[in-house]
Amino acid sequence: MTSAETTSADIVILGGGSGGYACALRASELGLSVILVEADKLGGTCLHRGCIPTKALLHAAEVADAARDSAHFGVKASLEGIDMPAVNSYRDGVVGRLYKGLQGLVKSRNVTFVEGHGRLTSPTTVEVAGATYTGRHVVLATGSFARSLPGLDIGGRIMTSDQALNLDYVPERVIVLGGGVIGVEFASVWRSFGSQVHIVEGLPRLVPAEDEALSKAFERAYRKRGITFTTGVRFASATQDDAGVHVTLEDGTAHDADLLLVAVGRGPRTDGLGYEQAGIAMERGWVLVDDHLQTNVPGVYAVGDITPGLQLAHRGFAHGIFVAEHIAGLNPRPIDDVNIPRVTYSEPEIGSVGLTEAAAREQHGADNVAVYEYNLGGNGKSQILATTGFIKLVQLKDGPVIGVHMIGARIGEQIGEAQAIVNWEAYPDDVAALIHAHPTQNEAMGEAHLALAGKPLHAHA
Ligand SMILES: Cc1cc2nc3c(=O)[nH]c(=O)nc-3n(C[C@H](O)[C@H](O)[C@H](O)COP(=O)(O)OP(=O)(O)OC[C@H]3O[C@@H](n4cnc5c(N)ncnc54)[C@H](O)[C@@H]3O)c2cc1C
């Protein structure tokens, strides 16, 4: 129904990133009318400034490593250098094709796409440049932004992932502030491209959200790659001049580099959008939701990075689909963060799902948990790829597998089976009975479960 200034639909979605557009696509599939409001580009952070462009850089990095290490495999090749503008144009090609595809998809599903900055003006209305869009339901999906620290201004040589992604040169020396997923991902790319990289992490270990065993193996691998790092020490200050950026830490140590990447986390993009005025309950900028992703205001939902929890694109997709189905009167299963698969993309990769050993022991009692580590040293494909690492299983004693934690080159690809195991609450025997193709890295998943089920094959008991 359309009048001069007001357009209405079943759902108005504010934000066209992973969470917002997934909601739009699923809702229209279910016969609901949808208005999708996006201030920038359909696809949001993940497609334009996150998942996809960074993984393209990581693939270029893998190609560089393959050229550099080719002699190990008896192949004569040499790495002449990195042509950053060419790397960027390869990356832009990938993003551009996906963007075009997504635009076509949204159009083909009859979603009304509105370009412009939207503001929530009541629990049922969003205003964009003087026009009002009314929905029986409103879905907030405005995502997140890269945070900095107090006193640390972004600009010049001090940048977040947004600027780092668009560099047209390879810096000689970089300091990465933050040893979480985004920080280690950029560290990996730059090291492969030839930079000297130093990571500063305030917590005691790199990738601190992961199982401790993974952090240890990851740190070993980074040390071997010549990536240096300081852990357990906090950032104190940074200055910049023509010569570079100068960083001091709270322990008094100083580090110089060409640039500083600030990767200290992402905050919710909710400021000044009318959420508080509409009565929506928030905490430190995050929109609070119940198990059904409903805010405290009837009819208003929130999805993706603006809700507290894991900041992952596939969580956003799942949230969006959930909300569409809930509004359509279906009975979708609530989404629990703990069993959402997580991949840290770097060399080596980390894949994990479910509880870490420490969390499992805390939650279920120290004596009620069993763990098993299958070393990739016994895995043929990993030997062929010349990678090391392991798959660590966390099991409720005599019960299901409740955590899978993996490290090694390309191991993130194994997250599919890992998440099926944890989410289906499989027992080691269930997985041990399945046949895994040889020689694949996937086979290591089978071997780990064979061992945990008491019948190890290529592993010591
Ligand atoms: C460097 C980097 C790498 C990442 N890599 C991965 C990865 O490999 N895998 C993974 O799962 N996740 C990754 N992420 C995280 C992932 O990008 C986010 O979790 C995901 O994009 C969240 O989706 P969202 O829909 O909640 O928000 P967003 O994708 O941020 O989308 C929000 C959208 O809302 C729009 N918007 C905001 N305010 C308004 C307004 N007032 N009016 C209209 N539109 C508005 C924005 O323009 C944006 O398009 C990465 C993030 C970064 C930064």
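One numbering rule holds for all chains: residues counted from 1, following each sequence as written. Predicted model: local features are reported for residues with pLDDT of at least 70 only, side-chain atom pairs are reported and counted for 80 or more only, and whole-chain, interface and lining totals are derived from all residues.

## Points about the overall build of the protein chain
When its secondary structure is counted, the protein chain shows 13 helices and 24 strands. What the globule rule says is 2.2 Å times the number of residues to the power 0.38, and the radius of gyration is computed from C-alpha atoms. For the protein chain, whose C-alpha radius of gyration is 24 Å, the value lies close to the compact-globule estimate of 23 Å for 461 residues. The principal-axis extent of the C-alpha atoms belonging to the protein chain is close to 70 × 60 × 45 Å. Exposed residues have 12 or fewer other C-beta atoms within 10 Å of their own C-beta, buried residues have 20 or more, and partly exposed residues fall in between, where C-beta atoms are placed from the backbone. Buried positions account for 45% of the 461 residues belonging to the protein chain. Looking at the protein chain alone, contacts between residues at least 24 apart form 64% of all its contacts between residues at least 6 apart. Only DSSP runs of H or I with at least four residues qualify as helices, and only runs of E with at least two residues qualify as strands; both kinds are numbered from the N terminus onward. Once C-beta atoms have been placed from the backbone, residue pairs whose C-beta atoms lie within 7 Å are recorded as contacts.

## A look at the nonpolar core
A set of buried residues drawn from Ala, Val, Leu, Ile, Met, Phe, Trp, Tyr and Cys, joined through C-beta atoms within 7 Å, is what defines a nonpolar core. The biggest cluster of nonpolar side chains holds 74 residues, and the ones touching the most others in it are Val-176, Leu-177, Leu-260 and Leu-261. The biggest single contributor to this core is helix H6 (residues 181–192), with seven residues. Discounting residues that sit within four places of it in the chain, Leu-260 has contacts with Arg-157, Ile-158, Ile-175, Leu-177, Ala-238, Val-245 and Val-247. Grouped together as the second largest cluster of nonpolar side chains are 50 residues, Ala-27, Ile-35, Leu-42 and Leu-273 included.

## Things to note about H6
Given the number of residues in a helix, its expected span is that number minus one, multiplied by 1.5 Å. A rise of 1.5 Å per residue sets the reference length of H6, with its twelve residues, at 16 Å; its end C-alpha atoms lie 17 Å apart and thus fit the reference within 8%. Within H6, burial applies to Val-181, Ile-182, Gly-183, Val-184, Glu-185, Phe-186, Ala-187, Ser-188, Val-189, Trp-190, Arg-191 and Ser-192. Looking at the packing, one finds that the buried side of H6 touches helix H3 (51–68), helix H5 (161–164), strand S9 (173–177), strand S10 (196–201), strand S15 (259–262) and strand S20 (342–344). With its phi angle positive at about 110°, Gly-194 sits one or two positions after the end of H6.

## Some thoughts on the packing of helix H1 (residues 18–29) against helix H8 (residues 313–327)
Axis definition: a line fit to C-alpha positions, over the contact stretch in the case of helices; interaxial angles, taken between N-to-C directions, run 0 to 180 degrees. Between H1 and H8, the least distance of the axes is 7 Å, while the angle of their chain directions is 35°. Judged by the sense of rotation from one axis to the other, the crossing of H1 with H8 is right-handed. Of H8, the residues touching H1 (which contributes Ser-18, Gly-19, Gly-20, Ala-22, Cys-23, Arg-26 and Ala-27) are Ala-313, Gly-316, Phe-317, His-319, Gly-320, Ile-321, Val-323, Ala-324, Glu-325 and Ile-327. As a working rule, the residues Ala, Val, Leu, Ile, Met, Phe, Trp, Tyr, Cys and Pro are called nonpolar, Asp, Glu, Lys and Arg charged, and the rest polar, with Gly in that last group. Partitioning the contact of H1 with H8 into residue classes produces nine nonpolar, six polar and two charged. Two helices cross in a left-handed way if the nearer one is turned anticlockwise from the farther one by less than a right angle. They cross in a right-handed way if the turn is clockwise.

## Regarding the pairing of strand S24 (residues 401–408)
Of all the eight residues making up S24, eight are buried; the element is thus mostly covered by neighbouring parts of the structure. Strand pairing is assigned whenever DSSP identifies at least 2 bridges connecting the two strands. With six bridges joining them, strand S21 (residues 349–354) and S24 adopt antiparallel strand pairing. Along S24, the bridge assignment pairs Gly-351 with Met-406. Inspection of the sheet shows strand S23 (residues 390–396) paired to S24 by six bridges, in the antiparallel sense. Within S24, the residue paired with Ile-391 across the bridge is Met-406.

## Digging into the site of the ligand
Neighbouring the ligand are 36 residues, the closest being Gly-15, Gly-17, Gly-44, Gly-143 and Gly-304. Contributions of two or more residues to the shell around the ligand are made by H1, strand S2 (34–38), helix H2 (44–49), H3 and H8. The leading source of residues in the shell around the ligand is H2, at four residues. Grouping the constituent residues of the shell around the ligand by class yields eleven nonpolar, 20 polar and five charged. Throughout this description, a residue near a molecule or strand is one whose C-beta atom, derived from the backbone, lies within 6 Å of it.

## Re the environment of Gly-31
Among the structural elements, Gly-31 can be located in the loop between H1 and S2. For Gly-31, a count of 8 C-beta atoms within 10 Å gives the class exposed. Considered as a pair, Gly-31 and Ala-360 are 329 residues apart in the sequence and their alpha carbons are 42 Å apart.

## Description of the pairing of strand S4 (residues 118–122)
Pairing geometry for S4 and strand S5 (residues 125–128), over four bridges, is antiparallel. Opposite Gly-118, over in S5, you have Val-128 as the bridge partner. Remark: two residues form the turn of the hairpin made by S4 and S5, two consecutive strands paired antiparallel.

## Points about the sheet that holds S10
If you trace the five strands from one edge of the open sheet to the other, you get S8-S15-S9-S10-S11, paired in parallel fashion. With partners counted over all chains shown, the strands left at the sheet margins are strand S8 (158–159) and strand S11 (228–231), one partner each. The sheet contact formed by S10 and S11 spans four bridges and is parallel. Following the sheet pairing, Val-200 is matched in S11 by Thr-230. Against the sheet, H6 makes contact with S9, S10 and S15, and its axis sits at roughly 165° relative to S10, the strand it touches most.

## Comments concerning the domain arrangement of the protein chain
Domain start and stop positions are those given by an automatic or database domain assignment. Each domain of the protein chain was delimited in the assignment, giving domain 1 (3–145 + 268–337), domain 2 (158–264) and domain 3 (348–452). Between the C-alpha centres of domain 2 and domain 3 the distance comes to 29 Å. The interface of domain 2 with domain 3 comprises nine residues on the first partner and eleven residues on the second. Its residues assigned to classes, the side of domain 2 that touches domain 3 shows six nonpolar, no polar and three charged.

## Digging into unusual backbone geometry
That bond from Glu-347 to Pro-348 is cis: its omega, 0°, falls within 30 degrees of zero. Residue placement: Pro-348 occurs in the loop between S20 and S21. Phi at Leu-293 takes a positive value of approximately 60°, unusual for a residue other than glycine. If you trace the backbone, Leu-293 turns up in the loop between strand S18 (286–287) and strand S19 (300–302). The phi dihedral of Arg-410 is positive, around 60°, even though this residue is not glycine. Here Arg-410 falls in the partly exposed class, since 17 other C-beta atoms lie within 10 Å of it.

## A short note on helix H7 (residues 212–224)
Taking 1.5 Å per residue as the helical rise, H7 with its 13 residues ought to reach 18 Å, and the 19 Å between its terminal C-alpha atoms agrees with that figure. All of the buried residues in H7 are Leu-214, Ser-215, Ala-217, Phe-218, Ala-221 and Tyr-222. Packing partners of the buried residues in H7 comprise S11, S21, S23 and S24. Just downstream of H7 lies Gly-226, where phi reads positive at about 85°.

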